[in-house]
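Single-letter residue listing:
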Amino acid sequence: MAGKSQKGRSRRGAQNSTNYSEQMVPSDATTKGSLSDVKHSNAGANGLLTQSESPGTKTEAKESEAATSVDRPKQGDLHLYPVSVKTLGGEKLELQLNPGDSVMDVRQFLLDAPETCYFTCYDLLLHMKDETVHHLEDHNEISEVADITTGNCSLEMVAASYDDRSIRAHVYRTRELLSLSTLHASLSTSLALQHEATHGTSSVDPVKTEVLELDGLGFMEDVAASLSNFLSSPSKEIRSVESIVFSSFNPPPSYRRLAGDLIYLDVITLEGNKYCITGTTKFFHVNSSTGDILDPRPIKANFESTTLIGLLQKISSKFKKAFREILERKASAHPFENVQSLLPPNSWLGLYPVPDHKRDAARAEEALTLSYGSDLLGMQRDWNEELQACRDFPHTTPQERILRDRALYKVTSDFVDAASNGAIGVISRCIPPINPTDPECFHMYVHNNIFYSFAVDADLEQLPKRHASVNNPKIEGSINSLKNTDENDGNSSCFKVSNGCISESDGSNPSELSGATGLPTETQLAESEQATYASANNDLKGTKAYQEADVPGLYNLAMAIIDYRGHRVIAQSVLPGILQGDKSESLIYGSVDNGKKIYWNEDFHSKVVKAAKTLHLKEHEVLDEAGNVFKLAGPVECKGIVGSDDRHYLLDLMRVTPRDANYNGPGSRFCVLRPELVTAFCQKAEAAEKTKGKSSVEEEHVAAPDLPNVADVNDLVEDKADPASASDSQFAAKVQKNETLQECGSTPTASSCQEIYFNPNVFTEFKLAGTPEESIASCAIRFSLEIAADEENVKKATQYLTDVVLPKFIQDLCTLEVSPMDGQTLTEALHAHGINIRYIGKVAEMTKHLPHLWDLCSSEVVVRSAKHIIKDVLRDTEDHDIGPAISHLFNCLFGNCQIVGAKGANSMQSKTQKKENSGKSSRGQSRWKSGASERKNQPSYMSINSESLWSDIQEFAKIKYQFEMPEDARARVKKVSVIRNLCQKVGVTIVAHKYELGAAAPFQTSDILNLQPVVKHSVPVCSEAKDLVETGKLQLAEGMLSEAYTLFSEAFSILQQVTGPMHREVANCCRYLAMVLYHAGDMAGAIIQQHKELIINERCLGLDHPDTAHSYGNMALFYHGLNQTELALRHMSRALLLLSLSSGPDHPDVAATFINVAMMYQDIGKMDTALRYLQEALKKNERLLGEEHIQTAVCYHALAIAFNCMGAYKLSHQHEKKTYDILVKQLGEEDSRTRDSQNWMKTFKMREIQMNAQKQKGQVLNAASAQKAVDILKANPDLMHAFQAAANSGGTTSSSNTSVKKSLNAAIASEVGAHPRGRGVDERAARAAAEVRKKAAARGLLIRPHGVPVQAVPPLTQLLNIINSGMTPDSSTNNEEMEVANTKVEDGNLSNVQETATEEKPKLDKEDQAPVGLGKGLSALDSKKQKMKQKAAA
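Described below are features of the structure shown in this document. If you're wondering where the values come from, they're calculated on a predicted model, not measured in any experiment.

1. A look at the overall build of the chain
Next, step 1: Each helix and strand counted, the chain has 52 helices and 24 strands in total.
Next, step 2: In the chain, which comprises 1434 residues, the proportion classed as buried is 58%.
Next, step 3: Here the chain has roughly 57,400 Å² of accessible surface; of this, 52% comes from carbon and sulfur atoms.

2. Things to note about the sheet that holds strand 6 (residues 243-246)
Next, step 1: Across the sheet, 5 strands lie side by side as 6-7-8-9-10; this open sheet has antiparallel pairing. Among the strands making up the open sheet, the edge pair consists of strand 6 and strand 10 (304-305).
Next, step 2: Sheet topology note: the strand 8 (residues 274-280)/strand 9 (residues 284-286) ladder contains 3 bridges and is antiparallel. Residue pairing for strand 9: Gly 279 is matched across the bridge by Phe 284.

3. As for the packing of aromatic side chains
Next, step 1: Here the structure, examined in full by the defined rule, presents 22 aromatic pairs.
Next, step 2: Judged by centre distance (5.3 Å) and plane angle (80°), the ring pair of Phe 890 and Phe 1003 falls under edge-to-face. In this pair, Phe 890 sits in helix 31 (residues 882-894) while Phe 1003 sits in the loop between strand 22 (988-991) and strand 23 (1008-1011), placing the two residues 113 residues apart along the sequence.
Next, step 3: Clustering of aromatic rings is evident, with ring pairs tying together Tyr 118, Phe 119, Phe 319 and Phe 323.
Next, step 4: The ring of Tyr 555 carries the charged tip of Arg 647 above its face, separated from the ring centre by 5.4 Å.

4. Digging into the sheet that holds strand 22
Next, step 1: Reading across from one edge, 11-22-23 is the order of the 3 strands in this open sheet, with mixed pairing throughout. One side of each edge strand has no neighbouring strand; the edge strands of this open sheet are strand 11 (349-350) and strand 23.
Next, step 2: Taken together, the 2 bridges between strand 11 and strand 22 define a ladder with parallel strand orientation. When the sheet's bridge partners are listed, Gly 350 is paired in strand 22 with Val 991.
Next, step 3: In the packing of helix 31 onto the sheet, the strands contacted are strand 22 and strand 23, and the crossing angle to strand 23 comes to about 110°.

5. Some words on helix 11 (residues 308-315)
Next, step 1: Counting buried positions along helix 11 gives 6 out of 8 residues, so the element sits mostly inside the fold.
Next, step 2: All of the buried residues along helix 11 are Leu 308, Ile 309, Gly 310, Leu 311, Leu 312 and Ile 315.
Next, step 3: Capping of helix 11 at its N-terminal end is provided by Thr 307; its side-chain oxygen lies 3.0 Å from the backbone amide nitrogen of Gly 310.

6. So, the nonpolar core
Nonpolar side chains tend toward joint burial in soluble globular proteins.
Next, step 1: Judged by nonpolar contacts, the single largest core of 235 residues is most densely connected at Tyr 452, Tyr 546, Phe 809, Phe 890, Leu 982, Val 988 and Ile 990.
Next, step 2: Here this core takes 13 residues from helix 15 (residues 398-427), the largest share from any one element.
Next, step 3: Residues Tyr 122, Leu 124, Leu 155 and Phe 323 belong to the second largest nonpolar core, which totals 55 residues.

7. Comments concerning helix 7 (residues 164-177)
Next, step 1: The end-to-end C-alpha distance of helix 7 is 20 Å, a good match for the 20 Å that 14 residues give at a rise of 1.5 Å each.
Next, step 2: The buried fraction of helix 7 amounts to 12 of the 14 residues, a majority that puts the element mostly inside the structure.
Next, step 3: Within the span of helix 7, buried status applies to Arg 165, Ser 166, Ile 167, Ala 169, His 170, Val 171, Tyr 172, Arg 173, Thr 174, Arg 175, Glu 176 and Leu 177.
Next, step 4: The backbone nitrogen of Arg 165 has a side-chain oxygen 3.2 Å away, supplied by the residue at the start of helix 7, namely Asp 163.

8. Points about unusual backbone geometry
Next, step 1: With omega at -10°, the peptide bond leading from Asn 250 into Pro 251 counts as cis.
Next, step 2: Of the consecutive residues Tyr 352 and Pro 353, the connecting peptide bond is found in the cis state with omega at -5°.
Next, step 3: In this model, Glu 131 sits at a positive phi of 70°, which is unusual for a non-glycine residue.
Next, step 4: Its location among the elements puts Glu 131 in the loop between strand 3 (122-127) and strand 4 (133-136).
Next, step 5: Judged by its relative accessible area of 75%, Glu 131 is exposed.
Next, step 6: One non-glycine residue, Asp 550, lies in positive phi territory at about 55°.
Next, step 7: Within the secondary structure, Asp 550 sits in the loop between helix 20 (533-549) and strand 14 (554-555).

9. A few points about the packing of helix 14 (residues 383-391) against helix 15
Next, step 1: Between helix 14 and helix 15, whose axes approach to 9 Å, the crossing angle comes to 160°. Viewed along their axes, helix 14 and helix 15 adopt a mutual orientation that is roughly antiparallel. Here the hand of the crossing between helix 14 and helix 15 comes out left-handed. For the pair helix 14 and helix 15, the contacting residues are Trp 383, Glu 386, Leu 387, Cys 390 and Arg 391 in the first and Arg 404, Ala 407, Leu 408, Val 411, Thr 412, Asp 414, Phe 415 and Ala 418 in the second.
Next, step 2: Residues of the contact of helix 14 with helix 15, tallied by class, amount to 8 nonpolar, 1 polar and 4 charged.

10. Some thoughts on the environment of Lys 129
Next, step 1: Looking at the element boundaries, Lys 129 is found in the loop between strand 3 and strand 4.
Next, step 2: A relative accessible area of 52% places Lys 129 in the exposed class.
Next, step 3: Once residues within four sequence positions are removed from consideration, Lys 129 is found in contact with Thr 150, Gly 151 and Asn 152.

Reading guide: rules and limits
Residues numbered from 1 in each chain as written. Predicted model: local features only at pLDDT ≥ 70, side-chain atom pairs only at ≥ 80, totals over all residues. Heavy atoms only, no water. Helix = DSSP H or I, 4+ residues; strand = E, 2+ residues; numbered from the N terminus. Buried < 20%, exposed > 50% of the residue type's maximum accessible area, 1.4 Å probe, protein only. Areas by Shrake-Rupley, 256 points an atom, 1.4 Å probe, with all protein chains shown as cover. Pairing = 2+ DSSP bridges. Phe/Tyr/Trp six-rings, centres within 6.5 Å; stacked < 30°, edge-to-face > 60°. Lys NZ or Arg CZ within 6 Å of the ring centre and 35° of its normal. Contact = heavy atoms within 4.5 Å. Axes fitted to C-alpha atoms, helices over the stretch in contact; angles between N-to-C directions. Polar contact = N/O pair within 3.5 Å; in protein donor to acceptor, adjacent residues only side chain to side chain. Core = buried A, V, L, I, M, F, W, Y, C linked by side-chain atoms within 4.5 Å. Expected span 1.5 Å × (residues − 1). Parallel < 35°, antiparallel > 145°, perpendicular 65-115°, else oblique. Left-handed = near helix turned anticlockwise from the far one by under 90°. Nonpolar A, V, L, I, M, F, W, Y, C, P; charged D, E, K, R; others polar.

Read these as geometric descriptors, not functional statements.
See below:
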């Protein structure tokens, strides 16, 4: 019972803390409120969206219903009830509420509604049908208070009294409402508004519209210049008041406090009048103060209001008008553009020219309060209690799970935001350490109930170690000095800085890490690696894994990793009781001294075992130093602590997956396998076991190659001695898998026939039961076999990575099933497949035949290596040198910077010397050097030049990633993409203008605008919504649109309630909803959903993220589907700009985008431009993928269709023949796509023959008719003169057109023949786009358009038609065929075309996947356009 009441109390506390945090943080007031509960605001905002985008009214109405679903995931079960709200201003609003909605949902809606957005301090009363009145508390659900299903219910806002906190929150809210800085307008929105303003709502003929030309092939010819086009100028502020600042009369004197005065404000209106405003517990009024003496009397009786905005409207008419304009501006924007992103990405580009810095007293007030993430008013938030209380929420029903997930997401996001702000304070020395007597590198900090400690970049120590010698005395000296330091200060936390508070409180032996001389080298290195970057990353991943396992009664701390100014800071919530004295008995599980002494508790162990089953970890036995045997279900160094709140906490989860058997050497203690790999390996092995159990003995041998755990035991054991050779020899071992299957089957394993579990402590220095140290021989034999089996399982998983996963990943890259655009998407793709970044060198070696992939991998290696070196320099840089240091390092990296003097001879030597001179510096924590003797006259960064920096990068890449950089790597690197990637990883913001990257020093100090923290976190995601999305994707792939729409809508509804709209998963739902609507033919609805995805991606991923580029491309295709080609091309222009920044011009996605651009130009009759883009796409694909790649075939087919539109059937046949040859070689003759290509060849050949026959027939007939015409003209001399003049002008035009086309075709043919031969493999791209183009282009060529062609028929032909009406079809055919290139064919009533489209449609839907890059799901575009054109024709 006590537990239950505690949960309720904790829940209320968590909600209340959320409320005041929302109110008190001025810049994020709307942000966090909106993110916590948005569904009603979206339902209301969707009304605004419906007004601005009228085509999607029906779709938006459906979606608003879906968005308000709370406790029932099924859309059909939604029950919404009308409830009216009486506002403080007297207006009435109508809400649609669900009984499961919370009061916070209602408050959030009222916060967003224009009529009530400036009311912050009020109570809500619920009036029932039976005239009873209920007071609603913020943490209540409406169903807990009353039953609104009875109907006739109403809400009333009642003014509440202000206090110090709420009145300040009201002032912050007022300032926020008067600023447009919270409005993040998307470029897509402004483009649509401009288009609507220019063309109105009436449909405009795309042929007659001046369509913009994409300059320089869409920014691809000069990528550096495109930087200046990236950022649009911010929206102009609407001035409503000169200033609102806290008066210097504050705080109110005691006698005025007793009269109710809380705050004084100085306000200057636009009219120039100055007022002193008093804020009391009831209202705001203008007092009579004029000079330096406070006069609290009201100046006028009517100059008072319950809100500050209400008072300002009374005293300033200009304010009233401006405030109305501000509300109208916000209302006209997309509702998602008003919602703040909770954890926005860092922008690597800043506005150019740099905006003027203007006076802002309010901004100055906020900046002067150095809070670093803490709340200045009221007590600090207890992050740990909030987090654990949210985890204790009930979660049996869907509604309970949504509430729990929402609370967890909100608290964790707030923690990450506060932790990143606190880390800045720690690194800026504004927060004092809790152990100031310890060495500075081991300082720990507590601020805002968050514990901070430093991590160390151990990778950099390998550079001088490898460069000098294998046994560098510096490394040993630094380790010994660390151990001596630890022995002297008696605090083992030095080596476990990430959990320093835990080690400090465990009360174990003060000199537990001293006397390490007798330990193996690996043990010494292991101890020195406890606080490395790798261990911090692994700890974060392990914490996230245990959070997702969600075992009742087992808790983890909130955690975040912040990189800033070269330092890595680990932030954790404070363990309860850890700062309140010695709690030595609280450690009940695991070890704090690397296995010397192990603690164990049965109750704790049972919980760990439950989590271990989910994580595929095996329960196993280990020995401590005294030889005692303990059963563990996790890594030895994990720690089980009982907090003062009696909860069981599991910490130090740095190895929750087994160690990578390919990396067994010293220093690779934390080289573990990724959890995605472990999951995939176990799933495939279990599936294979099931298949094996049902099949016969013969079938077992057939299935053997697919088993991930069928490696030869003896081979693996032999390879164990040489881990490097093991990974290479495993590729050759594939052939022997069938022979070794039976041998492996007889080997004892931990998996039996059901599940596979891994021992996380194999291949480590820890003593496992069964090692030679154990005394009992019989047990030793038994356990030795078990340990061998455990090691074998880990080896099999590692071999599965190198033999199966890596080759499959390379194959996916080759087939463009996976198409990373930049370093971030490459990293995500590797991790999604379970591949660690340390294998990127191997991936680069295996993709040498694909230039764009090799460039991408090598660029990522360069960036990651440079990041470590730059951060090391920044750690030693003084505050005033940060800007010059970054610009100098960028010049060394991207320019040719030479240092005059002997100091810059070798950066490696200077670095080694520097590190040897300072023992602490080798730990990467020499941030604060005391004593003038250590400070050099010249900053340390000035000793680096281009040669030394690139030499360090090459050395680091070789050591860390086993990647041999070529000699010309410096010249081959894509500079803009590398600059972007490096800025994002280090947190640098530079000015967005064109950089002369060929210059010796392209960067100036003034180009460096900011240095921001880069944060890694474990904010939870909603697993239920992810499952719905995955199921919806399967339904969509099978063509079940209705079911897919329902599933995606359910996921969208759940995610909106859990995370709010600004989340990447919500963007995914919007994208899939857009696809479903698009396939269903609702183009307008698809545009609305796609627009949402675009806004979310811009805000959550970044303006230039590849997903944002894809969003712009999809928007373009959807607009094109509505015949708004000009708007579509503007979106394509933006997409190409973003692609040029992220990937550069050489990428298959760029080629696929070019095909889509060509399709649009082709549709509006600009064939010359379309051919230019198609030829460029063909060049790129042949160079990047190879001449025999399926993507190259797509380009040839698109060109064939383009020539078909021009009537050049011979060229069409030639290009389609190349398409057919490639498809035959790659897919075989029986593939449906090959047969389609063959049919196209026949069609083009037939049209060529028909055209030639018509030409010959036309010549014979024209000879006879011409003679007849001459006879008539001779009889009528006046007619003859008139028609001769007209015929001369018309004939000249026709012949010139023909000659132009012939020369164009000849040029194109020669260009095709001159392409350099590329190297490649693969398929997938804009296949769907090409197919749609194929049908759309061919549509007008099968029968002749009725009526007069676009170009006038030559007058002589008109005369011949008059004379010889029977010859009209034959004589006019030639002209029409020759002019079809300049005709926009829009005849939708073509019988043969419809038959062809009907024939090919099922194949397209079944065979084709979404094209790489931008063309997502184009198969329905053709039919949609057909319908629209038929309507237009009717």
